[in-house]
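# Close look at the chain arrangement
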Amino acid sequence: MARNPAAQTAFGPMVLAAVEQNEPAGRRLVDDDLADLFLPAPLRWLVATTRAAPIRRLMIRGSEWAGPGLWANLACRKRFIADKITESLDDIKAVVILGAGLDTRAYLLNRQVRMPVFEVDLPVNIARKAQAVRRVLGGPPLSVRLVALDFERDDLLTALAEHGYHTDYRAFFVCEGVTQYLTEDGVRRTLDGLRAAAPGSRLVFTYVRRDFIDGTNLYSTRTLYRKVRKRQQLWHFGIEPDEVADFIAEYGWRLVEQAGPDELVARYVEPTGRKLKASQLEWSAYAEKT
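To keep things clear, this report deals only with the structure shown in the data block.

Reading the values: the criteria
Residues numbered from 1 in each chain as written. Predicted model: local features only at pLDDT ≥ 70, side-chain atom pairs only at ≥ 80, totals over all residues. Heavy atoms only, no water. Helix = DSSP H or I, 4+ residues; strand = E, 2+ residues; numbered from the N terminus. Rg over C-alpha atoms; globule rule 2.2 N^0.38 Å. Buried < 20%, exposed > 50% of the residue type's maximum accessible area, 1.4 Å probe, protein only. Contact = heavy atoms within 4.5 Å. Areas by Shrake-Rupley, 256 points an atom, 1.4 Å probe, with all protein chains shown as cover. Lys, Arg positive; Asp, Glu negative; His and termini not counted. Charge placed at Lys NZ, Arg CZ, Asp CG, Glu CD. Pairing = 2+ DSSP bridges. Right-handed = clockwise from strand over helix to strand, strands pointing away. Axes fitted to C-alpha atoms, helices over the stretch in contact; angles between N-to-C directions. Polar contact = N/O pair within 3.5 Å; in protein donor to acceptor, adjacent residues only side chain to side chain. Core = buried A, V, L, I, M, F, W, Y, C linked by side-chain atoms within 4.5 Å.

A count of helical and extended segments in the chain gives 14 helices and 7 strands. Relative to a compact globule of 290 residues, whose C-alpha radius of gyration would be 19 Å, the chain shows 18 Å and is just as compact. Summarising its shape, the C-alpha atoms of the chain cover approximately 50 × 45 × 40 Å along the three principal directions. Within the chain, buried positions represent 55% of all 290 residues. In the chain, 75% of the contacts between residues at least 6 apart in sequence involve partners at least 24 apart. Of the roughly 12900 Å² that the chain leaves accessible, carbon and sulfur atoms contribute 52%. Considering the chain, the positive charge centre built from 41 side chains and the negative charge centre built from 37 side chains are found 7 Å apart.

Rendered as structure tokens:
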């Protein structure tokens, strides 16, 4: 399977979700009993070592060295997205996960409700996901459709329609940890593909701040900046919180809520008693189609 630097980043969030399962229930930030199973064998072995609390703490501290606060950011954004989907289940008819990677959300959701779930990602990630689903579940549920797409070049609406998506669905679109890997043209192309979404559809997405992308504020994470902006040029797009509402309004979306790192920590981390801080680098936003 061909290597793609952006595609390889699909593993990190699922390692985090799997490691979090080894925390006691009251201290856990993410509940996902499939996360470990969807990982390749070497990463499953790594996760297994974190059943020992000292090793688990060491791994979390190691992640803080590379990107201070990003462990909490990734865990909290998953909780934020899960909460918004749960709140919307009575009002939506489909879920579309953009940049699905190895995310298990479609399969956890399938336990609760039967509705179409479209997992959209690069062809290499869709092939990897299909292999994981076959290995763990014997194959995808009938309600889950895997959609291979290049966000920078392909037409999102056409790709979804080819897999059974209808524009009259009131859908919930998830775009977690994706926008920074796209160019601004790619982000706009994606939003343009969602322009035909039915009124009342929902969109939750995460983004990094533009001042990190342009190098004027490294948010105490010079190591991450060197990796994603200097060595591999993985991250391209950023936006500032006060620009989000106008940016998405161009495509027919109304900003309902923005959740900054401090708010997410207060909502999800502090009740566990854990002493994790989040980086101001990444924010989450929730919108509704007008």
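Don't stop here, the text continues.
By the criterion of burial, strand S2 (residues 117-121) is predominantly enclosed, with 5 of the 5 residues buried. Residues of S2 alternate between two faces, with Val117, Glu119 and Asp121 on one and Phe118 and Val120 on the opposite face, all of them buried. Note: strand S1 (residues 94-98) against S2, 4 bridges, orientation parallel. Paired with Ile97 across the two strands is Glu119, which belongs to S2. Relative to strand S3 (residues 144-148), S2 runs parallel, the two being bridged by 5 bridges. Bridge pairing in S3 links Asp121 to Ala148. Once the chain exits S2 it traverses helix H8 (residues 123-137) before rejoining the sheet at S3, and the crossover so formed is right-handed.

Most of strand S7 (residues 282-289) is tucked away, with 7 of its 8 residues classed as buried. Alignment of strand S6 (residues 253-259) against S7, held across 6 bridges, turns out to be antiparallel. What sits directly across from Gln258, in S7, is Ala285.

Attention shifts here to the sheet that holds strand S5 (residues 202-208). Taken in spatial order, the 7 strands make up an open sheet running S3-S2-S1-S4-S5-S7-S6, and their pairing is mixed. Each end of this open sheet is capped by a strand with a single partner; those strands are S3 and S6. Pairs of neighbouring strands in the sheet enclose a mean axial angle of 20 degrees, with direction left out of account.

Our focus in this paragraph is the environment of Gln258. Summarising the element assignment, Gln258 is placed in strand S6. Along the chain, Gln258 and Thr9 lie 249 residues apart, while their C-alpha atoms are 25 Å from each other. Dropping the residues within four chain positions of it, Gln258 is found in contact with Tyr207, Pro241, Val244, Glu263, Trp283, Ser284 and Ala285. Engagement of the side chain of Gln258 in a polar contact is seen with the side chain of Tyr207, the distance being 2.5 Å. Only 2.8 Å separates the side chain of Gln258 from the backbone oxygen of Pro241, close enough to count as a polar contact.

Locating Asp121 in the fold gives a position in strand S2. One polar contact links the side chain of Asp121 to the main-chain amide nitrogen of Ala100, over a distance of 3.3 Å. Looking at Asp121, its side chain comes within polar contact range of the main-chain nitrogen of Gly101, at 2.6 Å. Other than its neighbours up to four places away in sequence, Asp121 contacts Gly99, Ala100, Gly101, Ile126, Val147, Ala148, Leu149 and Phe151.

Turning our attention to unusual backbone geometry. Unlike most non-glycine residues, Tyr219 shows phi in positive territory, near 50 degrees. Among the structural elements, Tyr219 can be located in the loop between helix H11 (210-213) and helix H12 (222-231). Tyr219 gets classed as buried once you look at its relative accessible area, which sits at 14%.

This next bit is on the nonpolar core. For soluble globular proteins, the rule of thumb is that nonpolar side chains tend to be buried together. In terms of nonpolar packing, the biggest core is built from 51 residues, with Val95, Tyr107 and Phe172 touching the most fellow members. Counting residues per element, this core draws most heavily on helix H6 (residues 70-88), at 8 residues. Core analysis: the next-biggest nonpolar cluster, separate from the first, contains 35 residues, Val147, Leu160, Leu203 and Tyr251 among them.

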